[in-house]
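Chain and residue survey
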There are 2 protein chains.
Amino acid sequence: MMKIVIDAFGGDNAPLEIIKGAVKAQEHFKIEICLTGNENIIKKVAKENNIDISNIEINHTEDVIPVDETPNAIMKEYNNSSMALGLKMVANNEADGFVSAGNSGALCVGGTLIVKRLKGVKRPGFAPILPTFNGSSFLLIDGGANLDARPEILRQFGILGSVYMEKVMHRESPRVALANVGTESHKGGDLQKETYALLQDSPVNFVGNVESREISNGACDVYVCDGFTGNILLKNYEGVAKSLSHAVTDIFKKSVKNKIGALFVYGDLMKFKETMNTDVYGGAPILGIKKPVFKAHGSSNATTIFNAVRLTIDYINANVPQVIEDSFNKLKGIK
Amino acid sequence: MMKIVIDAFGGDNAPLEIIKGAVKAQEHFKIEICLTGNENIIKKVAKENNIDISNIEINHTEDVIPVDETPNAIMKEYNNSSMALGLKMVANNEADGFVSAGNSGALCVGGTLIVKRLKGVKRPGFAPILPTFNGSSFLLIDGGANLDARPEILRQFGILGSVYMEKVMHRESPRVALANVGTESHKGGDLQKETYALLQDSPVNFVGNVESREISNGACDVYVCDGFTGNILLKNYEGVAKSLSHAVTDIFKKSVKNKIGALFVYGDLMKFKETMNTDVYGGAPILGIKKPVFKAHGSSNATTIFNAVRLTIDYINANVPQVIEDSFNKLKGIK
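Since we're looking at a predicted model, the values are computed, not measured.

Moving on: the relation of the copies chain A and chain B. In screw terms, the move from chain A to chain B is a rotation of 180° and a rise of 0.0 Å along the axis, fitting with an RMSD of 0.1 Å. Both copies are brought into coincidence by an operation consistent with a two-fold rotation axis. Across chain A, the smallest distance between a C-alpha and the rotation axis is recorded for Gly 261 of chain A, namely 2.1 Å. The residues that chain A uses at the interface reappear at the interface of chain B in 100% of cases, marking a shared surface.

Quick look at the structure:
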């Protein structure tokens, strides 16, 4: 039976919401679920909240890597943390996939060094899925796993993202775009020009350069950029979406008149807010490593964790790591 | 008397809206205004729209640099365009400042090569002013004038931005922040680490690294980053703000029920939309060159042009280029 391990102590709402999400996923998908983390606390929280965890396995550890700890700490003083334990379980084939809402940087480092890269992959990419205003979504790669950027690495990101969007998000012939300051092929610096040429020669549906003003309208399925730019873009996207959501809510609470207006339009505005909710897709896979590892959003609640498990199941069923290796082998033929 | 020259053929709404804005500014500020561009067309459009341009000077040329032309073309086949003519007028002291809503890249190149850099300035920066959700704004530098990024250039951007925000936007002790993937001083690549150290040693109020999720909430007055990242950030910010504005409008048109709701809440929602209107500050100065050159937004209407002239007047009155040179001289003492 498929087994997914979940970090019970990752994210702002751990462990309660993680436990809830884990139980919900276990019941719904009929799979094995293992939680990593302090067994006493997990049992205590479950009992206090009347959650039946008799079908959930627990892999005990008392350590938790703090969200603001440096990424490399997972290989040192936190190599026995709930996150490290989960990564080791998938690395040792004791589980098929891992979900954590904890420290993103640590998960990328641990994913790379504990689960290890697929053959041929130079750098794994952190690949958040972001919503668009037309109710769709796109994958941004790299959202900040690597700060070194070379054309060959960016080309690989395009392939990694394309496979994921096709196999897990069921997007047909995903449109892969390069983040650039203009649409023409000569735009950008050397990094962009060389990446452009490489992506043209890759087994993906490369649609060329796309400016960042177009991505919120659904101009592409995979948006490729270096990790520094990607991280700045990701956090700005999330920040603006969140500020907007608060601002709209504030307006509707501002006066009696506005509260009355809210009664009429509330449903559609909430639907719109939900469209742009960056939590809705559950998070981001770390692509290019040997096993499915999924970063759930730091603010994950039970539903987010449930969604993350669902995506991880799709990820496992589609055998994404194998498809990636096959694509990279094809690439060797091209070069 | 102060004289400002305006490119009558820059932007989506040229020349009509530019002419209107120019006349409005001339009447309001009692300054001399010169329009560059095709005299016959300007006179014809003014006549057709009953606009009295008898107090406006015209510097005739038939050439216009297209908005999608490569930036360097302003030095070659378009060196007699309405934009090039305006730049030459300020370079030759025939005018005190220049406003154009045309090709941003060409304006940066022309500003650098025709108006020329201030002594000590390595790279001029394109510095758009962006709105925040709390009704304030911040300056982003560099929004894409340069793709090469070195710590010393980024440090200079911090100083350029700080002077502008203090002298023209009347922000006291502007908070200068470095765009980075985390707040700690060791975050980012070599570029960020070295720039961090330099900015600590600069005559600005350096508040350290700021993540991009914080900028829409007003976390800083000047946001420093390399031109590639800045351009991606700028266009994403504008794109999301614009999509949001359309989405909210669409919701209120969607059904009779929603239209009724709109009657109650319309005023506050429109106020909010206006808060996040990226056109409202008129555009972006090009900082680090010898004379005030101001890029008005491509979608500028008469009001945007009027606002851009107002900012250019403040720019001239505050003698920003001189203040920048003084700051750079101080810097020499520090190094």
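Now that the structure is up, let's keep going.
All names here are of chain A. Segmentation of chain A into domains returns domain 1 (1-121 + 288-322) and domain 2 (122-281). Taken over C-alpha atoms, the centre of domain 1 sits 25 Å from the centre of domain 2. When the two sides are added together, the surface that domain 1 and domain 2 hide from each other amounts to roughly 1500 Å², 65% of it contributed by carbon and sulfur. Where domain 1 touches domain 2, the interface holds zero salt bridges. Our enumeration of links across domain 1 and domain 2 arrives at four residue pairs in polar contact (both at pLDDT 80 or more). Elements supplying a minimum of two residues to the side of domain 1 that touches domain 2: helix H4 (104-116), strand E12 (293-296) and helix H9 (302-317). For the side of domain 1 that touches domain 2, the element with the highest residue contribution is H9, accounting for five residues. Tallied by class, the residues present in the side of domain 1 that touches domain 2 amount to eight nonpolar, eight polar and three charged.

So, on to the side chain of Asn 38 of chain B. Residues and elements named next belong to chain B. Tracing the chain through its elements places Asn 38 in the loop between strand E2 (32-37) and helix H2 (39-48). Among the polar contacts made by the side chain of Asn 38, one reaches the main-chain amide nitrogen of Ile 41 at a distance of 3.2 Å. Apart from residues lying up to four places away in sequence, Asn 38 is in contact with Phe 9, His 60, Thr 61 and Glu 62.

Time to look at the pattern of salt bridges. All names here are of chain A. This structure, assessed with the given rule, holds 22 salt bridges over all chains. Residue Glu 17 is joined to Lys 20 by a salt bridge in which the shortest nitrogen-to-oxygen separation is 3.3 Å. Highlighted residues: Glu 17 and Lys 20, both in helix H1 (residues 16-29), separated by three residues, approximately one helical turn. Its relative accessible area of 17% is what places Glu 17 among the buried residues. In this structure, the salt-bridge partner of Arg 171 is Asp 221, at a minimum N-O distance of 2.8 Å. Within this pair, whereas Arg 171 is found in the loop between helix H5 (151-167) and strand E8 (175-179), its partner Asp 221 is found in the loop between strand E9 (205-210) and strand E10 (222-224), the two being separated by 50 residues in sequence. Each of the two residues, Arg 171 as well as Asp 221, counts as buried.

Conventions and cut-offs
Residues numbered from 1 in each chain as written. Chains lettered and ligands numbered in written order. Predicted model: local features only at pLDDT ≥ 70, side-chain atom pairs only at ≥ 80, totals over all residues. Heavy atoms only, no water. Least-squares fit on C-alpha atoms with pLDDT ≥ 70 in both. Contact = heavy atoms within 4.5 Å. Domains from an automatic or database assignment. Buried area = accessible area lost by both parts, 1.4 Å probe. Salt bridge = Lys/Arg side-chain N within 4 Å of Asp/Glu carboxyl O. Polar contact = N/O pair within 3.5 Å; in protein donor to acceptor, adjacent residues only side chain to side chain. Helix = DSSP H or I, 4+ residues; strand = E, 2+ residues; numbered from the N terminus. Nonpolar A, V, L, I, M, F, W, Y, C, P; charged D, E, K, R; others polar. Buried < 20%, exposed > 50% of the residue type's maximum accessible area, 1.4 Å probe, protein only.

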